[in-house]
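# Structure assessment
These are the residues of each chain, in order.
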Amino acid sequence: MEYNFRDIESRWQKQWAEEGIYHVGECNGKPKFYVLNMFPYPSGAGLHVGHPLGYIASDIYARYKRLQGFNVLNPMGYDAYGLPAEQHAIKTGQHPEISTFQNIDHYREQLDKIGFSFDWNREVRTCTPDYYHWTQWAFQKMFGSFFCNKKQKAMPIEVLTAHFEQEGTGDWDVACTEEMHFTAEEWNSWDARKQSDVLMNYRLAFMGETMVNWCPQLGTVLANDEVVNGVSERGGYPVEQKKMRQWCLRVSAYSQRLLDGLDTIQWSDSIKETQRNWIGRSEGTEVQISVAGSDVRFTIFTTRADTMFGVTFFVLAPESELVDQVTTAGQRKEVDEYIKYVKSRTERERMIDHTVTGVFSGAYGINPITGDKCPIYIAEYVLAGYGTGAIMAVPAHDSRDYAFAKHFGLPIIPLVEGADVSEESYDAKEGIVTNSPVSEDKSVKYDGEALCLNGLSIKEAIQETKRFVSAHNLGRVKVNYRLRDAIFSRQRYWGEPFPVYYRQGIPTMIPEECLPVELPEVEKFLPTETGEPPLGNAQIWAWDEANRKVVDKALVDEKTIFPIELYTMPGFAGSSAYYLRYMDPKNDHALVSEEAASYWQNVDLYVGGSEHATGHLIYSRFWNKFLFDLGVSKKEEPFQKLINQGMIQGWSSFVFRVKGTQKYVSFDLLDVQYDDTAKKNRYFFEGMEADPIYTDISTVKNGNQLDVEKFREWMPEFKDAEIITNEAGNYIISQAIEKMSKSKYNVVNPDDICERYGADTLRLYEMFLGPIEQSKPWDTNGIDGCFRFLKKAWGLFWAKDSDALAVSDEEPTRENLKTLHRLIKKVSEDIEEFSYNTSIPAFMVAVGELQQQKCRSRKVLEQLVVLMAPFTPHVSEELWHALGHDTTVCDASWPELCEEYLKEESVTLGVQFNGKVRFSMEFPADATPEQMREMAETAPEAAKYLEGMQVVKVVAVPKRIVNFVVKPGK
RNA sequence: GCGCUUGUGGCGAAAUGGUAGACGCGCCAGACUUAGGAUCUGGUGUCUCGCGACGUAGGGGUUCGAGUCCCCUCAAGCGCACCA
């Protein structure tokens, strides 16, 4: 019987959907397993072959786990809010929801063709009110919480206000934007507005005046991970630094927990390391510096407390508030000019250009250890956002300070024995400290004690200085994190609205029972003429406190009716807790019920791209930890194991058009020159320049030739093209590996593959391409091999030239069982290790062997069907039913491995002399090393190698090798 | 600059420290076919007529034995980057 994949696949896909065989519930009899893919953003371009890579890998794992008896949750949904839909809406005037839903339908259609075992009953879309209800709810909970540093836990804000009423700030160590100190009397004397402002310093979701990444072209602020190389990730527009009042999430409060959690999860080292870098923990010392002749004091942060004796100047960040306080009248003008210059520079300029700039403030700081007066500079190489925005400069042991000192002619004092600092600084943290102090009178005594570090190693010196500084109250030991709080508002339309109104200017939460606050209709999706965000265009957008509903904003009276927030939430809001919602997607009363959360716990296997390392994967860990503190989430970490599938790239193809003509020249006829200034190749034909132009992959034949007819048909503008071919009459194209994208015409569509080869072949081939975590270009050429394999496997079950099943009840031979169990072993191991690319060859070999063995045994073939089921569900289902089962193959059991069949009676091993294999011979599989040695030594082939030689040593490893170490002599 | 990852045929890639290149693509030859991008069989790392020798980016080391473990160098990719 012919392998008719079109019929098989469409028939089973329909039946699976009708019978709902992939729907799961909370089943306490079975152990749970939660498999999850990063849900896609449904773009207008549809799926390309890269998207399903991760879905197929996780689907194989999900099906495998199900066959092993687990109750597997494998859901899918859509990250439906996003910029492209909004940009499309601005262009066309069409509501973004319409295009988004159309795209979702298209995605679903494409996904359904590949035969995934998703439970579509649990689908979520981040843009539907029943979903973002819980995004808003979580935000309100964060607003209503603060973080206790000692307990390392979020707590209700009421606990903090009660404390303020009783004791003021006291010495409670609480995560905050800036440290504040006030008494209970002060707190109680403040009005609601002032109290609200102060609480913003502590809330986990708060409004803060912070430096933000402002993108004028997009008209919105962006999170740090949305800015790449100083330009916006979406669109590549310039980004400026701007001080703005924005909603923020106090992600930094969880820095330590985010760091510690990494040790408890199975993620790749590279992604854990990326997150560690992003969190950027650094242990150091804060030291108080007083300004000479003034009351002003400031704090510096250093990780090199051992270098206190080498300080020759101090530096403040230009944005620091201290700049104004410190600057002397004489230097005012120069400082102002410098600040103006710094402000004129964009983020991008600052990143690329590291030339030394700075200005003297006129003031001097006093080094508390040496008593020295050192000049205070202002320079942009010190960042306001890190540490205290002020540093002590030790040019001898910090390359940046060194460059600055050289530029401004400041002294350089080496502090490490043997360090030569005449050409460059000595930054290494190794060596013995000297010059600290140079002489006794160079260090200040506190309580009769002076710091002396001479003779200590640098590490010891750091510890000693920390002790000294803390003991004499000159500063304290401090841990800093690079991780910044996340800016949580966007000036866009297509996002979750904030459930917040402004009660006489005070941000106030809309009552929890009134959620969700639905995104209002607007006429235009652009900012208003007065520069308000798009929601400023919404008419029905005011909160009526008395009637507890959203009303016309014309009614705002600031007594009972107030304006609602115009900002919306960023993309990561909806994607931060969706894995919890899948557990209980239709719950109206809670994000997730207690029962569902307790049963499903967290995601066992999460599959998605590594590009989310510092975005989604940090935010959702933060979000989950917060929900864990609330008791909603049951696990500290949301994703136990993470697999990052590589990106599938496309082959872009180029033709070359001579400038200003319709001549298209074959690539091999061109002169290629590298343009050093433009950093790209330029192409010339008979002295005229030719431009590379993308051509569609469908116009390419034989790997690198242009199919001229298809090319002419592809676009009207090429219809009358003058094609200049090479001598052989072929037109050679040029190719490049690039990201798959519609605009590069290199997209390979999974639908086309399914149409031509079937979903099972597509699934096999995507896994066969290479290791799942590696990026690789898509190459359709190899797919025939997988298709042939399926036809071969199919052929095992059917009689030749007839529709009859050719399976018998005969007992399997030992050979059959050996092949089968070798396959069981290999495939089980491979799936556990996600090396699917090597199990497909194993299938190929096994099927080849069974074919050669003329195996017709039902017992063997039935198990083969089950083994293939995770990879090729359609074929397996068809064969499973053909073999007479009336249940789905998904409910079969994964075959048990029986090592007995793998045992060898004898084994052929290479016999080596001095490490080189000279001949092979048979050994009993259970031979001991002694027996092996004896057999090898007495073998006739061995004689010529042992002739006149002395045996120094023999190494015999059962099932591995026999090696004689010999040397001449007797 | 720091961190992570990767270097194996024409290509995608395999190899618990044990005969490197399984399997697939491509290519070559043959079979069946009255031309097809079908199917099947065999071959295919390099050098050599052959015996054989050499081969896993380069160099060193550990080992009876190294693609694999250790050290150094080089190259590529990704991430972070005046983070004090």
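Our structure is the block above this text.
Heads up: these notes are all about the structure in this document. Residue numbers here run from 1 along each chain, matching the order of that chain's written sequence. Think of it this way: whatever chain is written first is A, whatever ligand is written first is 1, and the rest follow in order. Local features in this predicted model are restricted to residues of pLDDT 70 or higher, and side-chain atom pairs are both shown and tallied only at a pLDDT of 80 or more, whereas totals for entire chains, interfaces and linings draw on every residue. As a rule here, side-chain values come from all non-hydrogen atoms in the structure, and water together with hydrogens is ignored.

### What to know about the overall build of chain A
Strands here mean DSSP runs of E at least two residues long; helices mean DSSP runs of H or I at least four residues long; both are numbered from the N terminus. A count of helices and strands for chain A gives 29 helices and 40 strands. Principal-axis analysis of the C-alpha atoms gives chain A an extent of 100 × 95 × 75 Å. Only protein chains enter the accessibility calculation, which uses a 1.4 Å probe; a residue is then buried when its area is under 20% of its type maximum, exposed when over 50%, and partly exposed in between. Counting only residues that meet the buried cut, chain A has 52% of its 970 residues in that class. We call two residues in contact when some of their heavy atoms are within 4.5 Å. Expressed as a percentage of contacts within chain A between residues at least 6 apart in sequence, the contacts between residues at least 24 apart total 70%. Carbon together with sulfur atoms contributes 48% to the accessible area of chain A, which is approximately 44300 Å² in total. Asp and Glu are treated as the negative residues and Lys and Arg as the positive ones, with His and the ends of the chain left uncounted. For the purpose of locating charges, the reference atoms are NZ of Lys, CZ of Arg, CG of Asp and CD of Glu. Taking the average place of the 105 positive charges on the side chains of chain A and the average place of its 141 negative ones, the gap between the two points comes to 2 Å. Note that accessible areas follow from Shrake-Rupley with a 1.4 Å probe, and for residues the cover is restricted to the protein chains shown.

### Considering the packing of aromatic side chains
Each aromatic pair joins two rings of Phe, Tyr and Trp (for Trp, the six-membered one) with centres within 6.5 Å, and gets the label stacked for planes under 30 degrees apart, edge-to-face for over 60, and tilted for any other angle. Evaluated as defined, the whole model comprises 77 aromatic pairs. Seen from their ring centres, F182 and W190 are 5.0 Å apart, and the 65° between their planes marks the pair as edge-to-face. Ring pairing ties together the aromatic residues F33, Y61, Y64, F70, F789, F834, Y836, F843, F871 and W894, which thus form one cluster. Between the NZ or CZ atom of R63 and the centre of the ring of W16, over which it lies, the distance is 5.6 Å. When the NZ atom of lysine or the CZ atom of arginine is within 6 Å of a ring's centre and also within 35 degrees of its normal, the charge is said to sit over that ring. Taking the ring centre of Y364 as reference, the NZ or CZ of K373 above it sits at 5.7 Å.

### Comments concerning empty space enclosed by the protein
Residues are called lining when one of their atoms sits within 4 Å of a cavity or pocket point, these points coming from a 1 Å grid over the protein atoms alone, where a cavity is a set in which a 1.4 Å probe fits but cannot get out and a pocket is an open set with protein on both sides within 12 Å along at least five of seven lines. Grid points are joined across faces, edges and corners, and a volume is the space filled by probe spheres set on the points. If you walk through the whole model with that rule in mind, you get three cavities of 30 Å³ or more. The volume enclosed by the largest cavity comes to roughly 60 Å³. Around the largest cavity, the lining residues are Y131, W134, T135, A138, A573, G574, A577, L591 and W623. Mapped onto the lining of the largest cavity, the elements with two or more residues apiece are α5 (129-143) and α16 (571-575). Top element by residues in the lining of the largest cavity is α5. It accounts for four residues. Volume-wise, the second largest cavity comes out at about 40 Å³. Surrounding the second largest cavity, R63, L67, A869, P870, V889 and C890 form its lining.

### Some remarks on the sheet that holds strand β22 (residues 542-544)
One open sheet accounts for three strands, arranged β23-β22-β24; its pairing is antiparallel. On the outer flanks of this sheet lie β23 (549-551) and β24 (561-563), each paired with one strand and no other. The mean inter-strand angle of the sheet, taken between neighbouring strand axes irrespective of direction, is 35°. Bridge count for β22 against β24 is three bridges, and the pairing is antiparallel. Across the sheet, A542 pairs through a bridge with P563, a residue of β24. Strand pairing requires that DSSP identify at least two bridges connecting the strands. Where helices are involved, their axes are fitted lines through C-alpha atoms of the stretch in contact, as for all axes, and angles between N-to-C directions lie from 0 to 180°.

### Here we look at the packing of α5 against helix α19 (residues 616-630)
Interhelical geometry of α5 versus α19 gives an angle of 70° and a closest axis separation of 11 Å. For the element pair α5 / α19, the angle class is roughly perpendicular. Of the residues in α19, those in contact with T135, W137, A138, K141 and M142 of α5 are F622, W623, F626, L627 and L630. Note that Gly is not counted as nonpolar here; it falls among the polar residues with everything else outside the nonpolar set of Ala, Val, Leu, Ile, Met, Phe, Trp, Tyr, Cys and Pro and the charged set of Asp, Glu, Lys and Arg. Within the contact of α5 with α19, the residues separate by chemical class into eight nonpolar, one polar and one charged. Each angle gets one of four labels, with under 35 degrees taken as roughly parallel, over 145 as roughly antiparallel, 65 to 115 as roughly perpendicular, and the rest as oblique.

### Focus on the pattern of salt bridges
For this document, the term salt bridge refers to a Lys or Arg side-chain nitrogen within 4 Å of an Asp or Glu carboxyl oxygen. Tallied over the full model, the rule gives 50 salt bridges. Between D891 and R66 there is a salt bridge, with its nearest N and O atoms 3.1 Å apart. Of this pair, D891 sits in the loop between α27 (873-882) and β37 (906-913) while R66 sits in helix α2 (residues 52-67), and the two are 825 residues apart along the sequence. With a shortest N-O distance of 2.9 Å, R682 and E689 are connected by a salt bridge. Exposure remark for R682: the relative accessible area of 32% places this residue in the partly exposed category. Through salt bridges with shared partners, a single ionic network connects R257, R621, K625, D629, E636 and E637.

### Quick notes on the protein's contact with RNA strand B
Close contacts around RNA strand B come from 46 residues, with T303, R400, L769, R788 and R960 the closest. Each residue is tested against the molecule or strand, and it is near if at least one of its non-hydrogen atoms lies within 4 Å. Sugar and phosphate atoms constitute 52% of the interface atoms of RNA strand B, taking the interface as everything within 4 Å of the protein. L769 is positioned such that a nitrogen or oxygen atom in its backbone is 2.3 Å from a sugar or linking oxygen of RNA strand B. If you list the elements that add at least two residues to the surface near RNA strand B, you get α10 (269-279), β11 (297-302), α23 (783-795), α25 (836-852), β39 (949-957) and β40 (961-968). When the residues that make up the surface near RNA strand B are grouped by side-chain class, the tally is 18 nonpolar, 17 polar and eleven charged. Counting of polar contacts relies on pairs of N or O atoms within 3.5 Å, with two restrictions inside protein: one atom must be capable of donating a hydrogen and the other of accepting it, and residues adjacent in sequence are counted only when both atoms are side-chain atoms.

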